[in-house]
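Summary of the model geometry
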Amino acid sequence: MIRKLKIILEMIKFEHTVFALPFAFFGAMMGAYIVNGTTPTLSQWIWITVAMVGARSAAMSLNRVIDEQIDKHNPRTATRAIPAGLVSKVEVLLFIIISFALLFYAAFQLNMLAVYLLPIAVFFLVIYSYTKRFTWMCHIILGVTIGLAPLGGWVGATGTLTWEAFLLFVAVALWTAGFDVIYATQDADYDREHGLFSIPSRFGIGRALKIARFLHVISFLSFVSLFLFTGFGWIYFIGVLIAGAIMIYEHSLVSENDLSKLDVAFFTMNGILSLVLFVFALGDILL
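This text gives an overview of the structure that appears in the document. Only a predicted model underlies this, so the values are computations on that prediction, with no experimental measurement involved.

Our focus in this paragraph is the overall build of the chain. What the chain contains, in helices and strands, is 14 helices and zero strands. Start at the N end of the chain and walk to the C end: the helices and strands fall as α-α-α-α-α-α-α-α-α-α-α-α-α-α. By principal-axis analysis of the C-alpha atoms, the chain measures approximately 55 × 45 × 30 Å. Of the contacts made within the chain by residues no fewer than 6 positions apart, 74% connect residues no fewer than 24 positions apart. Each charge class in the chain can be summarised by its mean position, and for the 18 positive and 17 negative side chains these summaries are 4 Å apart.

We now examine the packing of aromatic side chains. To describe a pair of aromatic rings, one takes the distance between the centres and the angle between the planes. For the structure on display, the rule yields 15 aromatic pairs. Their ring planes at 20° and their centres at 6.1 Å tell us that Phe-23 and Phe-26 sit as a pair that is stacked. With Phe-23 and Phe-26 both in helix α2 (residues 21-36) and three residues apart, this pair spans about one turn of that helix. On the numbers, 5.9 Å between centres and 20° between planes, the contact of Phe-23 with Phe-223 is stacked. In this pair, Phe-23 sits in helix α2 while Phe-223 sits in helix α12 (residues 205-229), placing the two residues 200 residues apart along the sequence. Judged by its relative accessible area of 1%, Phe-223 falls in the buried class. Put simply, the rings of Phe-23, Phe-26, Trp-175, Phe-179, Phe-223, Phe-232 and Tyr-236 pair up and form one aromatic cluster. Sitting over the face of the ring of Phe-203, Arg-202 holds its NZ or CZ atom 4.8 Å from the ring centroid.

At a closest axis distance of 9 Å, the pairing of helix α7 (residues 118-131) and helix α8 (residues 138-158) adopts a crossing angle of 155°. When the axis of α7 is compared with that of α8, the two are roughly antiparallel. Where α7 crosses over α8, the two elements pack in a sense that is left-handed. Residues Ala-121, Phe-124, Leu-125, Ile-127, Tyr-128 and Thr-131 of α7 pack against Cys-138, Ile-141, Leu-142, Val-144, Thr-145 and Leu-148 of α8. Residue composition of the contact of α7 with α8, grouped by class: 10 nonpolar, two polar and no charged.

On to a positive patch on the surface, then. On the surface, a cluster of positive charge is made up of Arg-202, Arg-207, Lys-210 and Arg-213. Here the positive patch takes three residues from α12, the largest share from any one element. One can find Arg-202 in helix α11 (residues 199-203).

Let's shift gears to the packing of α2 against helix α9 (residues 163-184). For the pair α2 and α9, interaxial distance at closest approach is 10 Å and the crossing angle is 165°. As summarised for this structure, α2 and α9 are arranged roughly antiparallel, according to the angle between their axes. Considering how the two elements wind past one another, α2 and α9 form a crossing that is right-handed. Every residue of α9 that contacts α2 at Phe-23, Phe-26, Gly-27, Met-30 and Ile-34 is listed here: Glu-164, Leu-168, Val-172 and Trp-175.

With 22 residues, helix α5 (residues 89-110) should cover 32 Å at 1.5 Å per step; its first-to-last C-alpha distance of 32 Å lies within 8% of that length. Listed as buried for α5 are Val-92, Phe-95, Ile-96, Ser-99, Phe-100, Leu-103, Ala-106 and Ala-107. Down the axis of α5, the sector holding all buried residues measures 135°, keeping them to one side. In α5, the exposed positions that point more than 90 degrees away from the buried face belong to Val-90, Leu-94 and Ile-97. Buried positions along α5 lie against α1 (2-11), α3 (42-66), α6 (112-116) and α7.

A cluster of nonpolar residues, Phe-104, Phe-108, Met-112 and Tyr-116, forms a patch on the protein surface that exposes about 450 Å² of accessible area. Turning to its location among the elements, Tyr-116 is positioned in helix α6. For Tyr-116, a relative accessible area of 58% puts it in the exposed group.

One finds Phe-23, Phe-26, Phe-223, Tyr-236, Leu-273 and Leu-277 to be the most contacted residues of the largest nonpolar core, which totals 58 residues. Elements supplying a minimum of two residues to this core: α2, α3, α8, α9, α11, α12, α13 (234-252) and α14 (262-286). Residue contributions to this core peak at 12 residues, all from α9. In terms of nonpolar packing, the next biggest core, distinct from the first, is built from 26 residues, Ala-51, Val-92, Phe-95 and Leu-118 among them.

Tallied over the entire structure, the rule returns six salt bridges. Lys-132 is the salt-bridge partner of Asp-67, the closest N and O atoms lying 2.8 Å from each other. Of the two residues, Asp-67 is situated in the loop between α3 and α4 (68-73) and Lys-132 in the loop between α7 and α8; the sequence distance between them amounts to 65 residues. Residue Asp-67 is classed as buried on the basis of its relative accessible area, which comes to 1%. What emerges from the salt-bridge pattern is a single network uniting Asp-67, Lys-132 and Arg-133.

Criteria and thresholds
- Residues numbered from 1 in each chain as written.
- Predicted model: local features only at pLDDT ≥ 70, side-chain atom pairs only at ≥ 80, totals over all residues.
- Heavy atoms only, no water.
- Helix = DSSP H or I, 4+ residues; strand = E, 2+ residues; numbered from the N terminus.
- Contact = heavy atoms within 4.5 Å.
- Lys, Arg positive; Asp, Glu negative; His and termini not counted.
- Charge placed at Lys NZ, Arg CZ, Asp CG, Glu CD.
- Phe/Tyr/Trp six-rings, centres within 6.5 Å; stacked < 30°, edge-to-face > 60°.
- Buried < 20%, exposed > 50% of the residue type's maximum accessible area, 1.4 Å probe, protein only.
- Lys NZ or Arg CZ within 6 Å of the ring centre and 35° of its normal.
- Axes fitted to C-alpha atoms, helices over the stretch in contact; angles between N-to-C directions.
- Parallel < 35°, antiparallel > 145°, perpendicular 65-115°, else oblique.
- Left-handed = near helix turned anticlockwise from the far one by under 90°.
- Nonpolar A, V, L, I, M, F, W, Y, C, P; charged D, E, K, R; others polar.
- Patch = residues over 30% accessible without salt bridge, like charges linked within 9 Å, V, L, I, M, F, W, Y side chains within 5 Å.
- Areas by Shrake-Rupley, 256 points an atom, 1.4 Å probe, with all protein chains shown as cover.
- Salt bridge = Lys/Arg side-chain N within 4 Å of Asp/Glu carboxyl O.
- Expected span 1.5 Å × (residues − 1).
- Arc of directions from axis to C-beta.
- Core = buried A, V, L, I, M, F, W, Y, C linked by side-chain atoms within 4.5 Å.

Printed below as a string of structure tokens:
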């Protein structure tokens, strides 16, 4: 059982939780500060973490089940656990049920608004995996899905939603969509040949990278707007400037003719970016 669990966690890239979890904490901390003038309680930190782990684990496992045939025929993904026969779909489905149970239980431990909004979260967690079959806007749908992380953190800590929460949502959603476009460039030819939809397969790698840059510019400006229109101070703004520099560096690592550093641009840079923004926002509030 432990061996199978390790395979599933590797299959869903559990470590990629670092992209969304800091922003869930960001939303919780920002919401508690703006709405209540406090910080989240220990209980809220714990249950927001449980909810995030459950949500992402369920979504990524569903993605692997739904994309089994696509992964099987794509040389880059043919060695993933399900097409390689390392785990069965039944085992993964059991893991999905447990993950959703964690999400639902955590929501009930937080507040009723979190419970009421669960159907919206579950809808996007499920529908994203199908979008590459019918729209090149799949990256935006993924952005919306990950953007729900700070909204969930905000609701979990405050039981409310305000315009500041939605501004943070826009910033995170466009940041996610931008780096997902970059990630999708490696499958542009495969997607085009097999009738799958993505911005790189629709517009070509060069134009896709320009679209990713545009999405990241709007994301950066949204993070700046949080400084201008909320109670965040200069410590947070320094974090935003560092995040902007990371975005610039990320885009410098890839080009239409050279995607060899794509893994660094995708995982390393974006993982650092999310942690930087959370740490500097936390420092701004506490100091």
